[in-house]
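For reference, the chains in residue letters:
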Amino acid sequence: MKARDTLSYSFSAIKLRKLRAALTTLGVVIGIAAIVALLSISQGLQNTITVQLQRGFATDTLIVTAGGGVGGGFGVGLGGGGDSGFTLLVNDTQTINGIPNVDMSLAIIQRTVNVTVGGTNKIRTIVGVDFADYHNVYSDTFVADRGTIPLNPESNIVVAGRRIIDPQLNGTMLADVNGPIDIILINATARPPTTITVHRNITAILKEIGSFGVGGPSDSSVYIPIAQAQTLFDTNECDMIIVKLKSSDQTVIDNASKAIKDKFVGEVSVISATAVLGIVSSIFSIIELFLGGIAAISLIVAGVGIMNIMIVSLMERTREIGILKALGTKSRTVLLIFLCEAVIIGLMGGAIGVGLGWVLANVVALVFRGGGVFMGGQAAGATGGMTITPVLTPIVFLGALAFGVGVSVVFAIYPAWRASKLKPVDALRYE
Amino acid sequence: MTTIVEAMNLKKMYLLGKVPVNALRGVNLKVESGDFLAILGPSGSGKSTLLNLIGALDKPTEGKLLIEGVDVSTLNDNQLTDLRRRVGFVFQFFNLIPRFTARENIELSMSIADVSKPERRKRAEGLLETVGLKERMNHKPAELSGGEQQRVAIARALANNPRFLLMDEPTGNIDSKTANEIMGLVKGLNEEKDVTAIMVTHDQRLATQSKKTVLMLDGLIVQETVN
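Residues numbered from 1 in each chain as written. Chains lettered and ligands numbered in written order. Predicted model: local features only at pLDDT ≥ 70, side-chain atom pairs only at ≥ 80, totals over all residues.

Attention now goes to the overall build of chain B. Scanning chain B for helices and strands turns up seven helices and 10 strands. For chain B, the C-alpha radius of gyration of 17 Å lies close to 17 Å, the compact-globule estimate for 227 residues. When its C-alpha atoms are laid out on the principal axes, chain B stretches across 45 × 40 × 40 Å. By residue count, 47% of the 227 residues in chain B fall in the buried class. Counted over contacts in chain B with a minimum sequence separation of 6, partners at least 24 positions apart contribute 69%. (Helix = DSSP H or I, 4+ residues; strand = E, 2+ residues; numbered from the N terminus. Rg over C-alpha atoms; globule rule 2.2 N^0.38 Å. Buried ≥ 20, exposed ≤ 12 C-beta atoms within 10 Å, placed from the backbone. Contact = placed C-beta atoms within 7 Å.)

Shown next as structure tokens:
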């Protein structure tokens, strides 16, 4: 039998039992759709996170925190120190500025405190930075939407992140430029501890950032001059030092990182954007493997379904196989006819599955985006107003198709082989 | 006249469950080209087994079976398959494929033999004309009467220009009037188109319409009659 005749014969057999073929195909559709949806969403999520990280954490910057050792970098922002009791001081920036390839560095002091704006009290992060230097490093994000960010700020002003003023990001402003903002500090040394309310004025409101970069500006922070932070929190220690390099070249990053570590005799952690991106990417590969594995299980189940249906169909068509063989059909051709049916089911299921998975991924992304609508402000806050654009890479697209066809064929091999081995005399006698 | 089929001390044993059955116990038979042979016998006499062996659907246990001079028992599966394409088989229960029309059923046997598509169509239509079913070629088996289905089956059997036609109770499942028509068709093919035919039947009356009749009993040919 010629290949085209074999194919059209297989097609005619599938067309005969449309509902059964459709249900068998549905198994493949579900499996492939799950794989495509999960992988394209996680791919999209990874892209979103990567972009936001890159925005909030420029590639030519390093973040230095106290506490040496492996992985210490993830203590960022928690102000954690090493076991040795080493802490970074605000004027350690001078030491770092002396290291080759360092353009400049700036210290950050941050605390989590209660902040009252327009009568609403919320726990927020207070960040003490040098406004001019901070803007120099984060020139895209540390930008005022209303008011202006002063380069030589007075002591009684703050720069507010977007969500400080507009928590729902829907235009409902709790205050405006020149409005009052209260920072409630705890006097921990007093017994019993007391609260101190510090009155400040909003001098600028940042434009919406949407990202959550390490060290970079965020929508939910209140920025005060570094000297003010030192006074208010009564400290010379800083939580991190952001280092701007003269180039984002990988060797420059590596050399500067090492030089900084060496300078502080291993008592600091230095992380770079590329390192964080590397970690993010490796975490996502694990997640994708895990999700893909779960989805693959459903495809295996579909495969068992195909095998089951094929065996039933084999029994129903025993006589037909007998006729084919009596007419001179080779065993190999009978095998091909059955495998061909599996390929058709796999291809149809794969194609529909990829389409459905893609639609599903986009629906999920849409729900995610509209989280605020569906789940109220908290969800929107949790996702940080993140926008996920599902990504369907050609590898996932072709891989899913191939996997669908592969599973169908693998599970059809046994029934097809059995069909091909039927003896014509026995098959013709079969009732 | 050349010898097409020659059986020498042909034996066939098969297992029915676990019980061995000696279906053929040493059959000697010679069929010449142009013959119309009827194999007559009661059920269980081994006539269908003999026909299946001649049609290369099964292999003998012992003895020799020469089809056009080639010993069937020495052939492998692929060679047996090739042999089947040179044999036209007609079954009692027609064995047409229900989802295909009359024409498609005939074309199927040609597509198995790798005949080109336009040639298939041309030949199928010619054959349907020969068996008198040209008008009904686009009907499916379920839309045809038993007699019509058997005519399609005969047309299908002839599609690849077989060396001989093998018929297993071809009229066993149709009424006697139609059976006569079918017999007339086969006789016509044999006499006018020189098609060699071997027919298995248990109907004495039909058997006499052939050129030669052999009677089988308990796996042996017990009598040969030239009609």
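All names here are of chain B. Summarising burial for strand β7 (residues 164-168): five of the five residues are buried, a large majority. Residue alternation in β7 divides its side chains into two sets, Phe164, Leu166 and Asp168 and Leu165 and Met167, and both sets are buried. Strand direction decides the pairing type here: strand β6 (residues 87-90) and β7, joined by four bridges, are parallel. Within the sheet, the bridge partner assigned to Gly88 lies in β7 and is Leu165. Pairing geometry for β7 and strand β8 (residues 196-201), over five bridges, is parallel. Bridged to Leu166 within β8 is Ile198. A crossover connection joins β7 to the parallel β8 through helix α6 (residues 176-192); in handedness this β-α-β unit is right-handed. (Pairing = 2+ DSSP bridges. Right-handed = clockwise from strand over helix to strand, strands pointing away.)

Next up on the list: the sheet that holds strand β4 (residues 62-67) of chain B. Residue and element names in this part refer to chain B. Read across the sheet, four strands follow the order β2-β1-β4-β5 without closing on themselves; strand pairing throughout is antiparallel. At either margin of the open sheet sits one strand with a lone partner, and together these are β2 (19-32) and β5 (70-71). One ladder, built from five bridges, connects strand β1 (residues 3-16) with β4; its direction is antiparallel. Looking at β4, one finds that Glu6 is bridged to Leu66.

Okay, the environment of Ile108(A) next. All names here are of chain A. One can find Ile108 in strand β2 (residues 102-117). Since 25 C-beta atoms lie within 10 Å of it, Ile108 is described here as buried. Taking the C-alpha atoms as reference points, Ile108 and Met240, 132 residues apart in sequence, are found 5.4 Å from one another.

Looking now at the pairing of β1(B). Residue and element names in this part refer to chain B. Two strands pair when backbone bridges link them, and β1 and β2 are joined in this way by 11 bridges, in the antiparallel orientation. Considered in β2, the bridge of Ala7 is made with Leu29. The hairpin turn running from β1 into β2, its antiparallel successor, is two residues long, and Gly17 in that turn takes a positive phi close to 70°.

Okay, helix α7 (residues 250-263) of chain A next. Each full turn of the α-helix corresponds to 3.6 residues, which orients residues three or four apart in the same direction. Residues and elements named next belong to chain A. Relative to the 20 Å expected for 14 residues at 1.5 Å per residue, α7 spans 20 Å between its end C-alpha atoms, a close match to the ideal helical length. Within α7, burial applies to Ile253, Ala256 and Ile260. All buried residues of α7 project into a common sector of 75° when viewed along the axis, lining one side. Residues Gln250, Thr251, Lys258 and Asp262 are exposed on α7 and point more than 90 degrees away from its buried face. Buried residues along α7 sit in contact with β1 (61-66), α3 (92-97), β2, β9 (240-245), β10 (268-272) and α8 (273-316). (Expected span 1.5 Å × (residues − 1). Arc of directions from axis to C-beta.)

Right, let's get into the confidence of the model for chain B. Residues at a pLDDT of 70 or more form 100% of chain B, whose mean pLDDT is 92. Our summary of model confidence lists the complex with pTM equal to 0.74 and ipTM equal to 0.92. (pLDDT = per-residue confidence, 0-100.)

Moving on, we come to the interface of chain A and chain B. Every contact between the two is made by 16 residues of chain A and, on the other side, 17 residues of chain B. Mapped by element, the contributors of at least two residues to the side of chain A that touches chain B are α1 (3-16), α9 (318-326) and α14 (424-429) of chain A. Tallied by class, the residues present in the side of chain A that touches chain B amount to eight nonpolar, four polar and four charged. (Nonpolar A, V, L, I, M, F, W, Y, C, P; charged D, E, K, R; others polar.)

The linkage connecting Arg191(A) with the following residue, Pro192(A), adopts the cis geometry, with an omega of -10°. Along the chain, Pro192(A) falls in the loop between β6 (180-187) and β7 (194-206). Located in the positive-phi region is Leu169(A), a residue other than glycine, with phi close to 55°. Tracing the sequence through the fold places Leu169(A) in the loop between α5 (162-165) and β6. A tally of 18 C-beta atoms within 10 Å means that Leu169(A) is categorised as partly exposed. Positive phi, close to 50°, is recorded for Glu68(B), a residue that is not glycine. Looking at the secondary structure, you find Glu68(B) in the loop between β4 and β5.

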